[in-house]
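Fold and contact review
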Amino acid sequence: MKRLLLLLFIWGFAPAVEAKTVHYELTARKKEVNLSGKETVDFAIAINDQIPAPTLEFTEGDDAEILVKNEVPNQELSIHWHGILLPPEMDGVPYVTTPTIRNGESLTFKFRIRQSGTYWYHSHTNVQEQKGVYGAFIIHPKVKPFPYDKEVVTVLSDWSDENADSILKNLRKDGDYYLYKKGTMRSWLGGIQAGSLGNFLYNEWTRMGGMDYSDVGYDAFLINGKKDSQLLTALPGEKIRIRIINAAASTYFHVTLGKTPMKVVSADGVDVAPTNAKELLMGMAETYDLLFQIPEHKNYELKIMAQDGTGTASGWIGIGEKVPAPVKLPPDMYATMDHGAHSGHEGHGGHEGHIMPEKGSGPIVSTLTVDDLRAQKNTELPQSAKVTDLTLNLTGDMERYVWHINGKTISQDRNISINEGEVIRFTFVNGTMMHHPMHLHGHFFRVLNKNGTHSPLKHTVDVPPHGRRTIEFLANEPGEWMLHCHNLYHMKNGMGRIVKYLSYTPRSEIAHLQHHDPHNHDHTYFYAMTEAATNHAQAYLRISQTWNQLEARVESRNSEGRNFSFKEPWEVEGDLFYRKWFNQFFNIVGGATYFNESPRAVIGLSYMLPFLIETQALVDHKGQFRFDIEKRFQWTKTIFSDVDLTWRPGQSGTIESPLEFEVSLMYSPVWSWAAGLMMTDHALGAGIHAQF
Ligand SMILES: [Cu+2]
């Protein structure tokens, strides 16, 4: 009894003397905003009326007590504390670790602050992060590790005037949906103009489609919610700590600073050996801290450029005459895997001549990535611990916009089970043409790099296209922790897992909630297309999940053979197919087809050949074959040709020729429609094509 009392004393009373409780109240509401300067929209969600959400500040050792209220009509809400070490129930992933916050309800988060540094918080519900639910979470150390006079927090984000729920649906209609809006459609003419036709064709040959810097067409990129603003007024000689948080939903940023190499002192909240760099490439959810001594009585630009080159934002630090940051050229759209994948040598800006290294500082890295980070201390893990090694292949299909790990979405393969006390080593192998910033909740991991024993600690690591990264951590935080790509749309379409300690059992309320976890569901998406021309008409509907697809097509063609004429007779054919996809290139088909005035049952398979040629072989219940070939030629950004061939060899008693074809030449200024000439094997026609 005495011992118990003593324990209670130590556990309950002693910290109360030292630690102070820091209380915050956060209320989420809908808000009308005009962040792009183009349009006022009503779907944004603000915390305490702010986008970004208010900056929360703590000191290491504090007890955080944060009340989160949801006043967003008809929506659930959650807040995840990104990069923070805390008990799993406080992590804020709804239906995994923490109760969801229903409309009109609230939830109080309580946890002891065990670390210091630059972190952030954001919603983990649906796509609310894209709608404004993100803010800075700053923890001051008990003792400043290096001197500085002022600090400024900069929250970077991407913003679309289109509701993010629609963005998600549009990407599932077509992974290339936003290429028109962004003006980044690759074409034969573009390749010729860039002197890169060979690269363009090589990328078609390898079926990679080329480097993919981002999927969404944004209307603005923001620093602290603004496209251009004064971040801080400061005088010459003052030392400024700049805390940079990439809170974007799906944008990597190049970050540069006026007239100086940037001195990076901290990454993902952890202090690193100071490193000078001309620019940073920051993945989503990464944070970096810079130390910047104002050199002159001038106003220095902190500039961010979206990696895909579609926009920039500026913030200013200092006073007086403006000193712009170096200008970065947009990336080469025709880069191949061999050129673009190993970051750091995409085109560099011209105005670099005036960059001077600080006296006594080391070499200047041109584009800082995790490869250049060196921990301040030895970060090696206990040699005695058993090591479990796992390879995680980051895989996906840009065309159908599904993303997975080892070929399975989180709904198919939810958990990675681990043993407490072991060293867990994950090797991410990126098999795609995109960067994936992989984030593990509730832990810091070592990112193994050239610095060996001093490999840096991070919570989010960029895995570049066709690159690989190995991370490791000691499993000493029992719980269930999400491991996912921090591209919001990749996560929503399957690229995630839950790292589950076998020693951990969630309390019954949480275990019950997990039965309703949306991560377990394979969501359904729709796409429709219609075509109307003088010589034919077509309607197509597709209902799709990750690997399953149902499609219906009805086509009517003028078989009379007169150009630009509606005259009879018109014949009708149609397909009702179910497809099961096995990977990005291969699916099997089964269903029914109507052709030559008779319905038939068919089975077959479909495969994407090099040069992005879609092929399909079908056999019907009468033993007759059909072969389909489809290929798009994108001549310019707005002009394309579709070539469709259907060959039915040895059709007996047919009124049709065995070879059917359609070749089009279409003008398409936006994704949703195209107009032009369409030629069939019977007649030349003109018409329009619309997609929904
Ligand atoms: Cu990703």
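For the structure, see preceding data.
Residues numbered from 1 in each chain as written. Predicted model: local features only at pLDDT ≥ 70, side-chain atom pairs only at ≥ 80, totals over all residues. Heavy atoms only, no water.

**Concerning the overall build of the protein chain**
For the protein chain, the count of helices and strands is 8 helices and 43 strands. Its C-alpha atoms give the protein chain a radius of gyration of 28 Å, near enough to 26 Å, the size a compact globule of 692 residues would have. If one aligns the C-alpha atoms of the protein chain with their principal axes, the spans along those axes are about 95 × 65 × 50 Å. Put simply, the protein chain has 692 residues, and 57% of those count as buried. Taking the contacts inside the protein chain whose residues are at least 6 apart along the sequence as the reference set, 67% of them involve residues at least 24 apart. (Helix = DSSP H or I, 4+ residues; strand = E, 2+ residues; numbered from the N terminus. Rg over C-alpha atoms; globule rule 2.2 N^0.38 Å. Buried < 20%, exposed > 50% of the residue type's maximum accessible area, 1.4 Å probe, protein only. Contact = heavy atoms within 4.5 Å.)

**Description of the coordination of the copper ion**
When a metal holds four donors in a tetrahedron, each ideal angle between them is 109.5 degrees; when it holds six in an octahedron, the ideal angles are 90 or 180 degrees. Protein coordination at the copper ion comes from His436 (ND1), Cys485 (SG) and His490 (ND1), with a distance range of 2.0 to 2.1 Å. Sequence spacing of the donors to the copper ion: H-x48-C-x4-H. (Donors = N, O, S within 2.8 Å, 3.2 Å for Na, K, Ca; no water.)

**Notes on the packing of aromatic side chains**
Evaluated as defined, the whole model comprises 29 aromatic pairs. Residues Phe111 and Phe137 carry aromatic rings whose centres are separated by 6.4 Å and whose planes lie at 20° to one another, so their mutual orientation is stacked. Here Phe111 is found in strand 6 (residues 106-112), whereas its partner Phe137 is found in strand 8 (residues 134-140), with 26 residues between them in sequence. Clustering of aromatic rings is evident, with ring pairs tying together Tyr24, Phe58, Trp81, Phe109, Phe111, Tyr121 and Phe137. The aromatic ring of Phe585 is capped on one face by Arg207, whose charged end is 3.7 Å from the ring centroid. (Phe/Tyr/Trp six-rings, centres within 6.5 Å; stacked < 30°, edge-to-face > 60°. Lys NZ or Arg CZ within 6 Å of the ring centre and 35° of its normal.)

**Focus on unusual backbone geometry**
A cis amide bond links Ile51 with the next residue in sequence, Pro52, at an omega value of -5°. Within the secondary structure, Pro52 sits in the loop between strand 2 (41-47) and strand 3 (53-59). In this structure, Arg207 takes a positive phi of about 65° despite not being glycine. Assignment of secondary structure puts Arg207 in the loop between helix 5 (197-205) and strand 10 (220-223). With a phi close to 55°, Leu612 is a non-glycine residue in the positive phi region.

**A few points about the side chain of Lys173**
Topologically, Lys173 is positioned in helix 2 (residues 164-173). Here Lys173 occupies a buried position and makes no salt bridge, while the nearest side chain of opposite charge, Glu162, is found at 7.5 Å. Excluding residues within four positions of it along the chain, Lys173 makes contact with Phe526, Tyr527, Arg542, Trp671 and Phe692. (Lys, Arg positive; Asp, Glu negative; His and termini not counted. Salt bridge = Lys/Arg side-chain N within 4 Å of Asp/Glu carboxyl O.)

**Considering the nonpolar core**
Judged by nonpolar contacts, the single largest core of 121 residues is most densely connected at Ile66, Trp81, Phe111, Phe137 and Tyr489. Excluding its chain neighbours within four sequence positions, the residues that come into contact with Tyr489 are Val127, Gln130, Ala164, Ile167, Leu168, Leu171, Val216, Tyr218, Ser250, Tyr401 and Trp403. (Core = buried A, V, L, I, M, F, W, Y, C linked by side-chain atoms within 4.5 Å.)

**A look at the pairing of strand 9 (residues 150-159)**
Most of strand 9 sits inside the fold, with 8 of its 10 residues counted as buried. Of the pairings in the sheet, the one linking strand 9 to strand 12 (residues 239-246) comprises 7 bridges and is parallel in character. Along strand 12, the bridge assignment pairs Leu156 with Asn246. As paired strands, strand 9 and strand 10 are joined by 4 bridges and run antiparallel to one another. (Pairing = 2+ DSSP bridges.)

**Let's talk about the pairing of strand 33 (residues 536-544)**
The alternating pattern of strand 33 places His536, Gln538, Tyr540, Arg542 and Ser544 on a buried face, while none of Ala537, Ala539, Leu541 and Ile543, on the opposite face, is buried. With 8 bridges joining them, strand 32 (residues 525-533) and strand 33 adopt antiparallel strand pairing. Directly across from Ala532, in strand 33, lies its bridge partner Ala537. Between strand 32 and strand 33, which pair antiparallel one after the other, the connecting turn spans 2 residues. In terms of strand pairing, strand 33 meets strand 34 (residues 548-558) through 9 bridges, oriented antiparallel. Pairing of Arg542 across the sheet is with Glu551, part of strand 34. Between the antiparallel neighbours strand 33 and strand 34 lie 3 residues.

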